[in-house]
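Observations on the three-dimensional arrangement
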Amino acid sequence: MLNIKELRSSYGESEVLHGLDLDVAPGEIVAIMGRNGMGKTTLMKSLMGLVPPRHGSVSIDGTDVTAQKPHQRVASGIAYVPQGRMIFSSMTVQENVETGLTVTDERSVPEDIYELFPVLLEMKNRRGGNLSGGQQQQLAIARALASKPKVLLLDEPTEGIQPSIIREMARTLRRIRDEKGLSIVVSEQVLSFALDVADRVVVIENGQFVHDSPRAGVDEAKVSKFLSV
Ligand SMILES: Nc1ncnc2c1ncn2[C@@H]1O[C@H](COP(=O)(O)OP(=O)(O)OP(=O)(O)O)[C@@H](O)[C@H]1O
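All values reported here derive from a predicted model rather than from experimental measurement.

Further remarks concern the sheet that holds strand β1 (residues 2–11). The strand order β2-β1-β4-β5 describes an open sheet built from four strands, whose pairing is antiparallel. Single-partner strands in this sheet number two, and they are β2 (14–24) and β5 (63–64). Bridge count for strand β4 (residues 53–60) against β5 is two bridges, and the pairing is antiparallel. Each residue of the ladder has a partner; that of Ile-60, found in β5, is Thr-63. Packed on one face of the sheet, helix α1 (residues 40–48) meets β1, β2 and β4 and runs near 70° to β2.

Following this line, the structure appears as structure tokens:
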């Protein structure tokens, strides 16, 4: 569903991603784990076309999107929940979700989105900035789902979120995958969340994948070692 080949990205002369290969199957949830500065956000931005890749290719459901601009990639089926959520704080909850509709023919927010996040329906006329961190994260996911993606990317969604809400988020993401059949790539530093949510755990270190294991057989001690400074 998502195929990444030999992906290299850089900021100016400094190369940050050094030739990444990854295939994500339909309906698969992959956690990309790594410490600060290892390249997780750069990978997400490269997949969205926000950082232009220097080399390699990205395809979604068989379509090569490497030359596409970010909005074209959204239309091709990839959606992004950025680090820090980046919701529009002065817009209402409903308006925030509606910004995700631009590539679909829908004019109003599909009901199944509010079914996944009932709290957003209750709060649909509140300003985004007045929501709690966990609610803002739900809003950012709802906005991404409004574009009906085949692949959903989330960049460190647990950052700044309470532990009890983190468990709920893992359940919600699995439910979204089960109900909508989409693939999910989530970057993470919290191992317990990655083990709750993912089918596969991949570790990135200095812009290279150094470990790749199915959830079932994951060597927790080894992954923890990569995550500790
Ligand atoms: N806009 C930029 N210009 C130059 N270098 C950058 C830029 N953004 C990130 N970098 C560098 O690229 C490398 C990877 O950063 P990136 O943000 O992708 O890491 P990360 O794994 O997402 O970390 P974090 O958990 O802190 O978000 C780091 O060395 C960082 O300093």
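Alright, that's what it looks like, and here's the rest.
As a structural note, the neighbourhood of the ligand is formed by Tyr-11, Val-16, Gly-34, Asn-36, Gly-37, Met-38, Gly-39, Lys-40, Thr-41, Thr-42 and Gln-83. Sorting elements by how many residues they give to the shell around the ligand places α1 first, with three residues. Grouping the amino acids of the shell around the ligand by side-chain chemistry returns three nonpolar, seven polar and one charged.

With that out of the way, let us pick up the sheet that holds strand β3 (residues 29–33). Strand pairing in a sheet takes place through backbone hydrogen bonds and is either antiparallel or parallel in direction. With respect to topology, six strands assemble into an open sheet ordered β6-β7-β8-β3-β9-β10, the strand pairing being mixed. For this open sheet the edge positions go to β6 (78–81) and β10 (208–214), each flanked by a neighbour on one side alone. Neighbour-to-neighbour, the strand axes of this sheet turn through a mean angle of 20°, independent of strand direction. Where β3 lies against strand β8 (residues 183–188), five bridges are found, and the strand directions are parallel. Along β8, the bridge assignment pairs Met-33 with Glu-188. Where α1 meets the sheet, it contacts β3, β6, β7 (151–155), β8 and β9 (200–205), and its direction lies at approximately 150° from that of β7. The strands touched by helix α6 (residues 133–145) are β6 and β7; relative to β6, the strand with the most contacts, the crossing angle is about 165°.

In this numbering, the UniProt entry assigns the feature "domain: ABC transporter" (unreviewed entry) to residues 2–229. This span, residues 2–229, is 35% helix and 28% strand, and a straight line between its end C-alpha atoms measures 30 Å.

The next thing to look at is the environment of Met-33. With respect to the helices and strands, the residue Met-33 is situated in strand β3. Here the alpha-carbon distance between Met-33 and Arg-174, two residues 141 residues apart in the chain, equals 18 Å.

Below, the discussion takes up the pairing of β1. Pairing of β1 with β2 involves eight bridges; the strand directions are antiparallel. Following the sheet pairing, Ser-9 is matched in β2 by Leu-17. Hairpin remark: β1 followed by β2, antiparallel, with two residues in the connecting loop; positive phi at Gly-12, about 60°. Pairing of β1 with β4, which is carried by six bridges, proceeds in the antiparallel orientation. Within β4, the residue paired with Asn-3 across the bridge is Ser-59.

What counts and what doesn't
Residues numbered from 1 in each chain as written. Predicted model: local features only at pLDDT ≥ 70, side-chain atom pairs only at ≥ 80, totals over all residues. Pairing = 2+ DSSP bridges. Helix = DSSP H or I, 4+ residues; strand = E, 2+ residues; numbered from the N terminus. Contact = placed C-beta atoms within 7 Å. Axes fitted to C-alpha atoms, helices over the stretch in contact; angles between N-to-C directions. Near = placed C-beta within 6 Å. Nonpolar A, V, L, I, M, F, W, Y, C, P; charged D, E, K, R; others polar. UniProt positions renumbered as here; feature names shortened; annotations may be inferred.

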